Amino acid sequence: MNYDVIIIGAGPGGIFSAYELLEKAPELSIAVFESGHPLSKRRCPIDGDKIKSCINCKTCSIMSGFGGAGAFSDGKYNITNDFGGTLYEYIGKEKALSLMHYVDEINLKYGGEGTKLYSTAGSRFKRECIQHDLHLLDASVRHLGTDINYVVLQNLYEKLKDQVEFFFDTPVEHIHVQQEGYEIVSDAGVFTCRYCVVSVGRSGSKWMEQVCKDLSIPTKSNRVDLGVRVELPAEVFSHLTDELYESKIVYRTQKYGDLVRTFCMNPKGAVVNENTNGIITVNGHSYEDPEKQTQNTNFALLVAKHFSEPFKDSNGYGESIARLSNMLGGGVIVQRFGDLIRGRRSNHDRIEGAFITPTLKATPGDLSLVLPKRILDGIIEMIYALDKIAPGTANDDTLLYGVEVKFYNMEVAVDEHLESCYPGLYIIGDGSGITHSLSHASASGIHVARRIAKLT
Ligand SMILES: Cc1cc2nc3c(=O)[nH]c(=O)nc-3n(C[C@H](O)[C@H](O)[C@H](O)COP(=O)(O)OP(=O)(O)OC[C@H]3O[C@@H](n4cnc5c(N)ncnc54)[C@H](O)[C@@H]3O)c2cc1C
């Protein structure tokens, strides 16, 4: 064997696997294969000046490279089983939480000390939300912020680089099952290992699907979440964000009984473009450093869409809707809430005249031409519901950016060790369809590393 363990993907899942392997079994030889660049070379060419929109780089620096999809994220590590994935269904609730706390300790040790841990426990907002048919989910959230998150990743890389062999810009093409262990085929050559940990995240979803097909590993189709990113003056939500930082609130619509939820709240943050397989969608982040903060808060409002027979391609559905917004707006569309409910498009004058400065340059347009009515109705209903706990949410000038899509990988069949039907082949993180967050993906990496350390 060339290596005892090969890890595919250097996102949080892969990084924390490598970290814990070094802690628990330092004698093992480990290699990490990553399609993207080292952290220091990850740069999105969009500068808003010469390059205004996505030029479809060979590997997207936002989604790929050391640190994975979350490298430039807000670095919110939610310590909860209520959202962020279903890891607890495989390893148990207590264990999942304890692993997430362990990940938090590592983050603090590697640069995150001094960052704030927010919690919904005992919050007065729970009661206030329920009074208005809104449900605040339980969580503790460590907010590293984009800047500190980057520092933690830099420090983790420094810790790993001398003992782990990293192959950057080296996508793995195939995994072949051998008599004992696995053969990993890449541009850099063919390598063998006893254990293989696959942690390829969202950007590796199509590749993961192919691997499962080739190796006949069973999979289940998952869901897609569709909606908009809301941007409003930070004061509107400050009573919530000052205490909780991020509030995950769920609302059941009266019209259809659909669940609409807030997602990824960024106090004093910025709305950003996100590129998934060449499709431009919207996301958001914020900084811990007060100098980089803005006057606005943003968060997503999402509706989950599951499909049953005969249609299975939930991600394809989400992609088509995102493509439609790209077709109409050349990228992300922005609309004032007041324009949306009056059935008219936003234009440059209406956006310019608003009492809020958008943090993302998006094309003024009409989201009702993009989002299905049922989803849009749910979002409008929730905005009015949120207005009761955060007056000002339903203001005419509240900005809605679309579309925000949260894609999920299909769920790969694994056991309680996150091991596939092939002994020693583990599928973890967002690539497994089981996790959808930094903390769950990281925890899944620790879980598998401890298992491998135990077996060796
Ligand atoms: C803009 C943005 C903001 C976010 N903010 C938050 C947040 O605040 N909190 C939160 O909990 N979550 C957030 N998320 C989600 C979070 O980043 C992911 O849940 C998390 O990164 C998943 O970790 P992972 O290791 O499973 O996968 P990833 O982080 O996606 O890493 C997978 C890695 O595998 C590599 N790869 C793929 N295919 C191959 C291959 N064939 N060969 C070699 N390498 C391959 C990719 O290049 C990538 O680097 C955010 C995501 C984005 C995009």
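Residues numbered from 1 in each chain as written. Predicted model: local features only at pLDDT ≥ 70, side-chain atom pairs only at ≥ 80, totals over all residues.

Participant: Break down the overall build of the protein for me, with residues and values.
Facilitator: When its secondary structure is counted, the protein shows twelve helices and 22 strands. Here the protein has a C-alpha radius of gyration of 22 Å; the compact-globule value for 456 residues is 23 Å, and the two agree. Referenced to the eigenvectors of the C-alpha coordinate spread, the extents of the protein come out at roughly 65 × 45 × 45 Å. Residue pairs in contact within the protein that sit at least 24 positions apart in sequence constitute 76% of those at least 6 positions apart. (Helix = DSSP H or I, 4+ residues; strand = E, 2+ residues; numbered from the N terminus. Rg over C-alpha atoms; globule rule 2.2 N^0.38 Å. Contact = placed C-beta atoms within 7 Å.)

Participant: Any chance you could break down the packing of helix α3 (residues 93-112) against helix α5 (residues 145-160) for me, citing the residues and the numbers?
Facilitator: How two helices sit against one another is set out by the angle between their axes and by the gap between those axes. Across the interface, α3 lies against α5 with an axial gap of 8 Å and an inter-helix angle of 90 degrees. The orientation of α3 relative to α5 falls into the category roughly perpendicular. From α3, Asn107, Tyr110, Gly111 and Gly112 reach across to α5, where they touch Ile148, Val151, Val152, Asn155 and Leu156. Split into classes, the residues belonging to the contact of α3 with α5 amount to five nonpolar, four polar and no charged. (Axes fitted to C-alpha atoms, helices over the stretch in contact; angles between N-to-C directions. Parallel < 35°, antiparallel > 145°, perpendicular 65-115°, else oblique. Nonpolar A, V, L, I, M, F, W, Y, C, P; charged D, E, K, R; others polar.)

Participant: Could you give an account of the site of the ligand, naming the residues involved and the relevant values?
Facilitator: Around the ligand, 42 residues are found, and the nearest of them are Gly9, Gly11, Gly68, Gly201 and Gly429. Those elements that provide at least two residues to the shell around the ligand are α1 (12-24), β3 (76-79) and α12 (438-455). (Near = placed C-beta within 6 Å.)

Participant: Report on unusual backbone geometry, specifying residues and quantitative values.
Facilitator: Following Gly402, the chain continues to Val403 via a peptide bond in cis, the omega torsion being 0 degrees. Tracing the chain through its elements places Val403 in strand β20 (residues 399-407). Although it is not a glycine, Asp133 adopts a positive phi angle of roughly 65 degrees. Mapped onto the secondary structure, Asp133 falls in the loop between α4 (125-131) and β5 (134-136). Asp133 sits in the partly exposed class, given 14 other C-beta atoms within 10 Å. (Buried ≥ 20, exposed ≤ 12 C-beta atoms within 10 Å, placed from the backbone.)

Participant: If you had to explain the pairing of strand β10 (residues 189-198) to someone new, which residues and values would you point to?
Facilitator: With five bridges connecting them, strand β1 (residues 3-8) and β10 associate as parallel partners. Directly across from Ile6, in β10, lies its bridge partner Cys196. Bridge analysis of strand β9 (residues 182-186) against β10 gives five bridges, and the strand direction is antiparallel. When the bridges of β10 are listed, Val185 appears paired with Val190. Where β9 folds back on β10, the antiparallel hairpin that results is connected by two residues. Of the pairings in the sheet, the one linking β10 to strand β22 (residues 425-427) comprises three bridges and is parallel in character. Looking across to β22, one finds that Val198 is bridged to Ile427. (Pairing = 2+ DSSP bridges.)

Participant: Tell me about the environment of Val260, and name the residues and values.
Facilitator: Considering the arrangement of structural elements, one finds Val260 in strand β14 (residues 259-266). Accessibility expressed as a C-beta count within 10 Å gives 28 for Val260, which makes it buried. Residues Val260 and Val332 lie 72 residues apart in sequence; the distance between their C-alpha atoms is 21 Å. Non-local contacts of Val260, meaning those with residues more than four positions away in its chain, are made with Tyr251, Thr253, Leu301, Val303, Gly378, Ile379 and Met382.

Participant: Residue-level account of the nonpolar core, with values.
Facilitator: Within soluble globular proteins, side chains that are nonpolar generally end up buried alongside one another. Membership of the largest hydrophobic core comes to 129 residues, with the highest contact counts inside it found for Val5, Ile6, Cys196 and Tyr401. The contact partners of Cys196, leaving out residues within four places of it in the chain, are Ile6, Ile175, Tyr182, Ile184, Gly424 and Leu425. (Core = buried A, V, L, I, M, F, W, Y, C linked by C-beta atoms within 7 Å.)

Participant: Can you tell me about the pairing of β3, naming the residues and giving the values?
Facilitator: Residues in a regular strand project their side chains so that they alternate between the two faces of the sheet. Residues Lys76 and Asn78 point to one face of β3 and Tyr77 and Ile79 to the other, with burial holding for every one of them. Inspection of the sheet shows β3 paired to strand β6 (residues 140-143) by four bridges, in the antiparallel sense. Note on β6: the bridge partner recorded for Lys76 is His143.

Participant: Tell me about helix α8 (residues 314-329), residues and numbers included.
Facilitator: Its 16 residues place the ends of α8 23 Å apart at the C-alpha level, agreeing with the 22 Å of an ideal helix rising 1.5 Å per residue. Along α8, the positions that sit buried rather than exposed are Ser314, Asn315, Gly318, Ile321, Ala322, Ser325, Asn326 and Gly329. Projected onto a plane normal to the axis of α8, the buried residues spread over an arc of 145 degrees and lie on a single side. Residues of α8 that are exposed and point over 90 degrees away from its buried face: Gly316, Ser320 and Met327. Residues of α8 that are buried in the fold lie against β12 (224-233), β16 (279-285), β17 (296-305), β18 (333-336), β19 (363-364) and β20. Downstream of α8 by one or two residues, Gly330 has phi in the positive range, about 70 degrees. (Expected span 1.5 Å × (residues − 1). Arc of directions from axis to C-beta.)

Participant: Tell me about the sheet that holds β6, and please be specific about residues and values.
Facilitator: Here three strands make up an open sheet; going across it, the order is β3-β6-β4 and the pairing antiparallel. Each of the sheet's edge strands pairs with one partner strand only, and the pair in question is β3 and β4 (116-119). Direction aside, neighbouring strands of the sheet carry axes that sit 20 degrees apart on average.

Participant: Kindly report on the sheet that holds β12, identifying the contributing residues and their values.
Facilitator: As summarised here, the arrangement of the eight strands in space is β5-β13-β14-β17-β12-β20-β18-β19, forming an open sheet in which the pairing is mixed. What marks the edges here is a single partner per strand, and that holds for β5 and β19. Sheet analysis places β14 next to β17, joined by five bridges and oriented antiparallel. Counterpart to Phe263 in the pairing with β17 is Ala300. Along the sheet, helix α7 (residues 234-244) contacts β12, β14 and β17; its crossing angle with β17, the most-contacted strand, is approximately 75 degrees.

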